[in-house]
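Next come the chains, spelled out residue by residue.
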Amino acid sequence: MTRTATFVRDQMLAPMEPPLTEKGAVKWVRENLFSGWFNSILTILGLFAIYWLVASAWPWLRNSVWTADNLAECRAVIQATWGEGATGACWAVIRERWTQFIYGFYPNHLYWRPNLAMVLMFVALAPVLFTQIPRKALWFAAVYPGLGYWLLWGGTLWFPVVALAGFAVGYAAYRALAPVNVIVAAVGAVLAPVLWWLFLAGPITGILADIVPLSLETVRSDRFGGFVLSVIIGITAISLSLPLGIALALGRQSDMFLVKSLSVVFIEFIRGVPLITLLFTASLLLNYFLPPGSNFDIILRVVIMVTLFASAYIAEVIRGGLAALPKGQYEAADALGLNYWQAQRLIILPQALKISIPGIVSSFIGLFKDTTLVVFVGLLDPLKGITDAVRASTDWKGIYWEPYIFVGTLFFIFCFGMSRYSMYLERKLKTDHR
Amino acid sequence: MAVITDVPKESFRLSMLIYDTRYRSLTIQVVVFFLVMAGAAWLVDNAYRNLQLLGKDFNFSFLWTRAGYDIPQVLIEYTNDSTHGRAMLIGLLNTLLVAFLGCLAATVLGIFVGVLRLSKNWLVGRLMTVYVEMFRNVPLLLWILLIYTVFIEATPGPNAYRTLPDGTPGMSMQLFDTIAVTNRYTAVPDPLFSRSLGEISLGLFNVSVDLLALIAALLLSFFANRALLANATRVQEATGDRPVTWWKSLLIWIVPVVAVLVALGFHLAYPRLQGFNFVDGINVSNSLMALWLALTLYTAAFIAEIVRAGIMAISKGQSEAAFALGLRPGRTMNLVILPQALRVIIPPLISQYLNLTKNSSLAIAVGYLDLRGTLGGITLNQTGRELECVLLMMLIYLIISLVISGVMNVYNASVKLKER
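Within each chain, residue numbers correspond to sequence positions counted from 1 in written order. Working convention: letters from A go to chains and numbers from 1 go to ligands, in the order in which they are written. Given that the model is predicted, a residue must reach a pLDDT of at least 70 before its local features are reported, and side-chain atom pairs must reach 80 or more before they are shown or counted; all residues, however, enter totals for whole chains, interfaces and linings. Computation of side-chain values: all heavy atoms of the structure, hydrogens and water removed.

## Focus: the packing of helix α11 (residues 329-359) of chain B against helix α13 (residues 386-415) of chain B
Residue and element names in this part refer to chain B.
Then comes step 1: Interaxial angle, 0 to 180 degrees, is taken between N-to-C directions of lines fitted to C-alpha atoms, where a helix line uses only the stretch in contact. Strands here mean DSSP runs of E at least two residues long; helices mean DSSP runs of H or I at least four residues long; both are numbered from the N terminus. Axis separation between α11 and α13 bottoms out at 10 Å; the angle between their running directions is 175°. The angle between α11 and α13 places the two elements in the roughly antiparallel class. Residues L342, R343, I346, P347, I350, L354, T357 and K358 of α11 form the contact with α13, whose own contacting residues are Y397, I400, S401, I404, S405, M408, Y411, N412 and V415.
Then comes step 2: When its residues are assigned to classes, the contact of α11 with α13 shows eleven nonpolar, four polar and two charged. Oblique is the label for any angle not covered by the other classes, which are roughly parallel (under 35 degrees), roughly antiparallel (over 145) and roughly perpendicular (65 to 115). Throughout, a residue-residue contact means that at least one pair of heavy atoms, one from each residue, lies within 4.5 Å. Any residue outside Ala, Val, Leu, Ile, Met, Phe, Trp, Tyr, Cys, Pro, Asp, Glu, Lys and Arg is labelled polar, Gly included; the first ten of those are nonpolar and the last four are charged.

## Observations concerning the interface of chain A and chain B
Then comes step 1: On the side of chain B, 56 residues touch chain A, which itself brings 53 residues to the contact.
Then comes step 2: By buried area we mean the combined loss of accessible area, with a 1.4 Å probe, across both parts when two parts are placed together. Summed over both sides, the interface between chain A and chain B buries roughly 5100 Å², with carbon and sulfur atoms accounting for 75% of that surface.
Then comes step 3: We count a salt bridge whenever a side-chain nitrogen from Lys or Arg sits within 4 Å of a carboxyl oxygen from Asp or Glu. Taken together, chain A and chain B are joined by zero salt bridges.
Then comes step 4: Listed by contribution, the elements that provide at least two residues to the side of chain A that touches chain B are α1 (24-32), α2 (37-62), α10 (257-272), α11 (275-289), α14 (340-370) and α16 (401-429) of chain A.
Then comes step 5: Of all the elements, α11 of chain A adds the most residues to the side of chain A that touches chain B, at ten residues.
Then comes step 6: For the side of chain A that touches chain B, the class distribution of residues is 37 nonpolar, eleven polar and five charged.

## Some details on the packing of helix α7 (residues 209-239) of chain B against helix α8 (residues 246-264) of chain B
Angle between the axes and distance between the axes are the two parameters that describe a pair of packed helices.
Residue and element names in this part refer to chain B.
Then comes step 1: Their axes nearest at 9 Å, the elements α7 and α8 cross at an angle of 160°. On the basis of their axis angle, the class for α7 and α8 is roughly antiparallel. The way α7 lies across α8 gives a crossing that is right-handed. Across from D210, A213, L214, A217, L218, S221, F222, A224, N225, L228 and L229 in α7, the residues of α8 making contact are K248, S249, I252, W253, P256, V257, V260, L261 and L264. Two helices crossing with the near one rotated counterclockwise from the far one by less than a right angle form a left-handed crossing, whereas a clockwise rotation gives a right-handed crossing.

## Some thoughts on the state of the cysteines
All names here are of chain A.
Then comes step 1: In this description, a disulfide is simply a cysteine sulfur pair whose atoms lie within 2.5 Å. Per the counting criterion, the structure on display carries one disulfide over all chains.
Then comes step 2: Residue C74 pairs covalently with C90 via a disulfide, S to S 1.8 Å. Here the S-S torsion is close to 85°, and the disulfide linking C74 with C90 is therefore right-handed. Linking C74 in helix α3 (residues 71-82) with C90 in the loop between α3 and α4 (92-103), this pair joins segments that are 16 residues apart in sequence.

## Structural notes on the sheet that holds strand β9 (residues 282-285) of chain B
Residues and elements named next belong to chain B.
Then comes step 1: Taken together, three strands build an open sheet; the order of strands is β1-β2-β9 and the sheet is antiparallel. With partners counted over all chains shown, the strands left at the sheet margins are β1 (180-181) and β9, one partner each.
Then comes step 2: Note on pairing: two strands pair once DSSP finds at least 2 bridges between them. Two strands pair when backbone bridges link them, and β1 and strand β2 (residues 185-188) are joined in this way by two bridges, in the antiparallel orientation. Looking at β2, one finds that A180 is bridged to A187.

See below:
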């Protein structure tokens, strides 16, 4: 038999290397940067923009001075090192004054108090933010507001304790009256703490403070400033505005005409005016609307106004979440025989809140950024209040960029962190498998 | 025989107001009503007593008294002899001016950035992400102050543009020698009409007839173009072929406007250095420039995200289906993608316009006299009428917001998906 097929391959060839332009970095650059004339132009423009930014900022950053006592000294050092006419950053101002940017004019020897309050704040927030932590830790979160207040403002410990005890009084009243009648119990649970705060809290605080004098040095509100102030206003307003926002959103979705119209009017009014006008209301007008002679702390007034402002925005975000739920969810809750509050708590709100997480967090970010506006009612925010105060000293007169960059960077870290956390939360709560 | 009787009709008992869901909501509303009324009465009573204690009354007559302060930048005629009411109007117009300019520029920049962020170009995508994150996560106040600082610290004085006596030429102006950025103001060309038709008085302020003529020409073009397109549609329905209209549309838009401009003798007066300052052009104060730029850059970052989300929300199947039907890319965009994407984009976009308008009240940081600066600032301090000024200011901002959101609701209703 003759072999006819002389050209049959019985061995596979080893695969060839891809062409140089189709592998590795070259391929990536071709596909991502130069895939067509339009993209090439964009890339070149982008490179040019980066070059321009770096070229204009680099000399200034390279010539940075970190230790100096005042701006003139800074400039002298730069001129001596880099020659006549050179400009450079003078980070010495941050090095010397960073405590003011963080603590405002809080007394130096008491810095441990805001520090401790901030650390404990994170301890209190941890069980709220991360579900892995044991639920018992929530008790600490519940008492933290009183503790934080005491650490920051000082005074007698019994004041926040007695104030917090009001909630216990309300709960006790509810338990005591619940066997009688649910409605009576609910009224009692509201009235008892109010009466406690109005009439009993003051004398009881005085008596307890006399028996066990536990107090810290008092720090007045006008000493507060910097990031401590921003965080106080921001965190308080955030934690108060969420429940208020939920209540307003439910009110706006309600069937009851009066409740609905009140919610609509409130939300639209707050959303229709700038925050600055509300802050002016807090500083100028609040005294008009309170009984003559009454006066209370400016930080508290600002917190109230910022809370009201944020809650209107959060209410709208949550309303969007409520509207996005399919009607079947409401009908299913009704079919199960759940009453209004059970349906909201077990079925509607968990889903609606999950949908609204991105919006809620961006409202929070906006709120935190807006805390800088308190400078316009005379509080020392880190951005303008403290920066102006630093510039007012003869040492640092005429310094502009460095404080802004420092404060901006800190704000960026806070806000960017919050938006990343919201992404984490979204991923964790995602239940639909698409 | 079993007799089926009706369930005995329950007579109304007082406890049904609480336990019967038919009446409970009524009870709650009545309680809420009384609580709200009591609260309002308490507030009004407090205000009344406080005003009495301070020896003040509540009236707005101060609006008709002499203001006595100057406003650096005015759109309509104003002197310090004018009334507080007119100063308020100036402030309002200044607010609207910066809001309008800001919305316009922010929309253009935002769409640009949003589209570029979706581009396949890695470098440009990253750059736009950096821009968006940088502006979204830092307070607006910081951008306003920073840009203002750039203007007053990093730009030359008007003198730098001067040709020195020894013949050394000064700086040349920016943008083909038309705009001069200085540390006090930005001098821009002034549009002028050599055969102007003058102005007519509208009671509160004067309106240039030239401007009215331009608007009339634009309106004419708008209706003519609509008629042209309607006609094209009719022809298409009758014959199946759509006549080419784009060059006719272009002509209809351009010719009347150019004709009006030429007839009125339109020309630009370029800024020119005389003495220590620029004359002939319009000197736009740096506070306005800084506020405008900062509001634009800040809001554009948000608009970019809205645009990106809107385009990404339209599933790929939509464009594939349009291609399968034989639509060209341009018509796919116009007829399929945009109408759906706009429905997602427009509501948050309008709320960004609202935010921008409200944020313009930060003008206080750079000393631009807007509504908050005149009515809520100088007038308030001079007259000492906090209650009236702040309430009036809130009311005006509220009206602006309601008008904008009213327009939004009308538009929203017209593009809403018609569902069950």
